[in-house]
Every structure is written in C-alpha cells, then in structure tokens.
Amino acid sequence: MTSQKDPARRGSERMSNSSFRGMQFLFKVIDFVYPYIDKRVQSFGIRPGITVVDYGCGPSRYTSRFAHLVGEKGRVFAVDIHELVIEAVKKRIEKQGLKTVTPILARGYDSGIPDDVANITCAIDMFFAINDPTTFLKELRRITGPEGFLIIDDGHQSRKETKRKIAASGYWEVMEETKDHLRCKPLSVA
Ligand SMILES: C[S@@+](CC[C@H](N)C(=O)[O-])C[C@H]1O[C@@H](n2cnc3c(N)ncnc32)[C@H](O)[C@@H]1O
C-alpha cells in the first residue's frame, strides 16, 4: 500500500480508488450518450507535429484524441496525480498503439517534464480541484514554451473564479474565452 508520506498522495486532490473507478465509468457513459469531445478538441488549435501536455488526464479520453491530432511526429504527455489513472493510460496506449504518448505520474505539483516542452498545455475539468492554483499554474508555465499556450476550463467553478485564480498567479494572461475554455499565453517571469 502506498504511504501518505508519498508525495504523489499529498493533498486532497488525489481521489480515492473507488472515486476513480466511478469517474471512469461515468465518463464512458457520458461519451457514449453525448460524444462532444471530438468536436470540442477541434477548437484547441492542435496541429500535426506539435507537443501537447494533457495535465490531469484522467482516463485519457482527451489524450488519445490529442495523439491522433499531433500524428506520428508529435508528442503527448499524459500527466495525472493518481496511480490508477496512469495504469489506465498505459493500458490504452498498449491497446490503441499510441506510441507518441508518455504517461507521467505527477508528484504534488511536479510533473518532471522538461522546461518549455509544450506547444499546448491542456488542463481540462480539473483546475477547480486544485488547492494551490498559483503553484499549479507555475508548473504549467514552466513546461509550456514561450510561444505556447494553455487551454484551461472552469469545471465545477465559475468563470469569474477561474479568471481570478489565473490573474492572481501572475503566470498567465487570458487571450481568448469561449463557453468551454480559456486560452492563455504565458507571461514572462523574472
Ligand atoms: C475530473 S478528472 C478529468 C480528467 C480529464 N481531464 C477529462 O476531462 O476527461 C480530473 C483529473 O485530474 C487529476 N488531478 C487532480 N489534481 C491533480 C494534480 N495536482 N496533478 C495532476 N493531476 C491531477 C485527477 O486525478 C483526475 O484524474
């Protein structure tokens, strides 16, 4: 059994194993009944050959779509704080032959991804659950290249709250808003 001292388990953001299984099942049902993701990812600006980070990837429903959009010459990092999520991602990679996807188990707010790697970093349906938004956004800023951008959504919080947290961090500037997400550019930090 993993100890609570393990940094990957610190903080209330890491859901229980049963919650993860519930989420996995629920997403399957939602995607079957309402297959909106395929349309949604088209608005992210993902092109062949680029590097995308799917931060808080969950059962990798976005990850696999990102992999198809970046193609053979692109790369996708699938990051999550939950070991079962990463196991599920590995299974999907194997099953679907997603050779360009690298699964990563984050330790706290540390993904271990090299600096400035991402052209696009995505944090979908997870920012609302982050206890320390500034440290989290700092990590997203670190891994995203200066010309890259962040796609982030509200999840279970108001748009006002999402924007307040982003502005307070000092790491990102909102460039564009849609009903579904915000597109942010990285700010230069000393
Ligand atoms: C509601 S799920 C959304 C999954 C996926 N983005 C989607 O929309 O299908 C939120 C995910 O974020 C992950 N998560 C929460 N806090 C995290 C953190 N600090 N670092 C990485 N992943 C995190 C959870 O483990 C969970 O898998």
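Definitions and cut-offs
Residues numbered from 1 in each chain as written. Predicted model: local features only at pLDDT ≥ 70, side-chain atom pairs only at ≥ 80, totals over all residues. Heavy atoms only, no water. 1 Å grid on protein atoms, 1.4 Å probe; cavity = no way out; pocket = protein on both sides within 12 Å on 5 of 7 lines; lining within 4 Å. Points joined across faces, edges and corners; volume = space filled by probe spheres on them. Helix = DSSP H or I, 4+ residues; strand = E, 2+ residues; numbered from the N terminus. Salt bridge = Lys/Arg side-chain N within 4 Å of Asp/Glu carboxyl O. Buried < 20%, exposed > 50% of the residue type's maximum accessible area, 1.4 Å probe, protein only. Contact = heavy atoms within 4.5 Å. Near = heavy atom within 4 Å. Polar contact = N/O pair within 3.5 Å; in protein donor to acceptor, adjacent residues only side chain to side chain. Areas by Shrake-Rupley, 256 points an atom, 1.4 Å probe, with all protein chains shown as cover. Sits in = over half its atoms within 2 Å of the grid points. Core = buried A, V, L, I, M, F, W, Y, C linked by side-chain atoms within 4.5 Å. Phe/Tyr/Trp six-rings, centres within 6.5 Å; stacked < 30°, edge-to-face > 60°. Lys NZ or Arg CZ within 6 Å of the ring centre and 35° of its normal.

Student: Even after reading the chapter, I still don't get the layout of surface pockets, so can you show me in this structure?
Tutor: Leftover empty space is mapped by rolling, across the atoms, a probe with the size of a water molecule. In this structure, the largest pocket spans a volume of roughly 540 Å³. Mapped onto the lining of the largest pocket, the elements with two or more residues apiece are α1 (17–33), α3 (61–70) and α4 (83–96). Per-element tally for the lining of the largest pocket: the top contributor is α4, with 7 residues. The calculated volume of the second largest pocket comes to roughly 450 Å³. Mapped by element, the contributors of at least two residues to the lining of the second largest pocket are α1, β1 (51–55) and α3.

Student: Hey, could you run me through the pattern of salt bridges in this one?
Tutor: Note that side chains of opposite charge can pair when their charged atoms are close. Evaluation of the coordinates by the stated rule reveals 13 salt bridges. Here Asp 180 ties to Lys 179 by a salt bridge, and the two come within 3.4 Å at their closest N and O atoms. Since its relative accessible area comes to 71%, Lys 179 is described here as exposed. It is possible to trace a salt-bridge network through shared partners that takes in Asp 154, Arg 159, Lys 163 and Glu 177.

Student: Teacher, can you tell me more about the environment of Pro 48 here?
Tutor: The topology assignment puts Pro 48 in the loop between α2 (37–41) and β1. Along the backbone, Pro 48 and Met 126 are 78 residues apart, and their C-alpha atoms lie at a distance of 25 Å. Setting aside chain neighbours within four positions, we find Pro 48 in contact with Leu 69 and Val 70.

Student: Please clarify how the site of the ligand should be interpreted in this entry.
Tutor: Inspection of the region around the ligand gives 19 residues, with Glu 13, Gly 56, Arg 61, Asp 80 and Ile 124 positioned closest. Separating a nitrogen atom of the ligand from a backbone N or O atom of Ile 81 is a distance of 3.3 Å. Contact between the ligand and Ile 124: a nitrogen atom at 2.8 Å from a main-chain N or O atom of the residue. Here the ligand has 600 Å² of accessible area as a free molecule, and 95% of this is covered by the chains. Assessed atom by atom at 2 Å from the grid points, the ligand resides in the second largest pocket.

Student: Help me understand the nonpolar core, please; the structure alone is not making it clear to me.
Tutor: With 27 residues, the main nonpolar core has Phe 44, Ile 46, Val 52, Phe 66, Val 101, Ile 120 and Cys 122 as its most contacted residues. Every element with two or more residues in this core is listed here: α1, α2, α3, β2 (75–80), α4, β4 (118–123) and β5 (144–152). Not counting residues within four places of it along the chain, the set of residues in contact with Ile 46 comprises Val 52, Phe 66, Leu 69, Val 70 and Ile 120. Among the nonpolar cores identified, the runner-up in size contains 24 residues, and Ile 104, Phe 136, Ile 152 and Trp 172 belong to it.

Student: Please clarify how the packing of aromatic side chains should be interpreted in this entry.
Tutor: A ring pair, where both rings are aromatic, is described by two values, the distance of the centres and the angle of the planes. With the rule as written, the count across this model stands at 6 aromatic pairs. Ring geometry for Phe 44 and Phe 66: centres 6.0 Å apart, planes at 55°, overall tilted. A residue pair is termed long-range when its members are at least 10 positions apart, and Phe 44 in the loop between α2 and β1 and Phe 66 in helix α3 qualify at 22 residues. This pair shows no difference in class: Phe 44 is buried, exactly as Phe 66 is. Note on Tyr 55 and Phe 136: the rings are 5.4 Å apart at their centroids and 85° apart in plane angle, and the pair reads as edge-to-face. With Tyr 55 in strand β1 and Phe 136 in helix α5 (residues 133–143), the pair connects residues that are 81 residues apart, well separated along the chain. In this structure, Tyr 55 and Phe 136 share a single accessibility class: buried. Within the aromatic cluster, the residues linked to one another by ring pairs are Tyr 55, Tyr 109, Phe 127 and Phe 136. A cation sits over an aromatic face here: Arg 61 above Phe 27, 3.8 Å from the ring centre. Here Lys 165 stacks its cationic end above the ring of Phe 127, 5.6 Å away from the centre of that ring.

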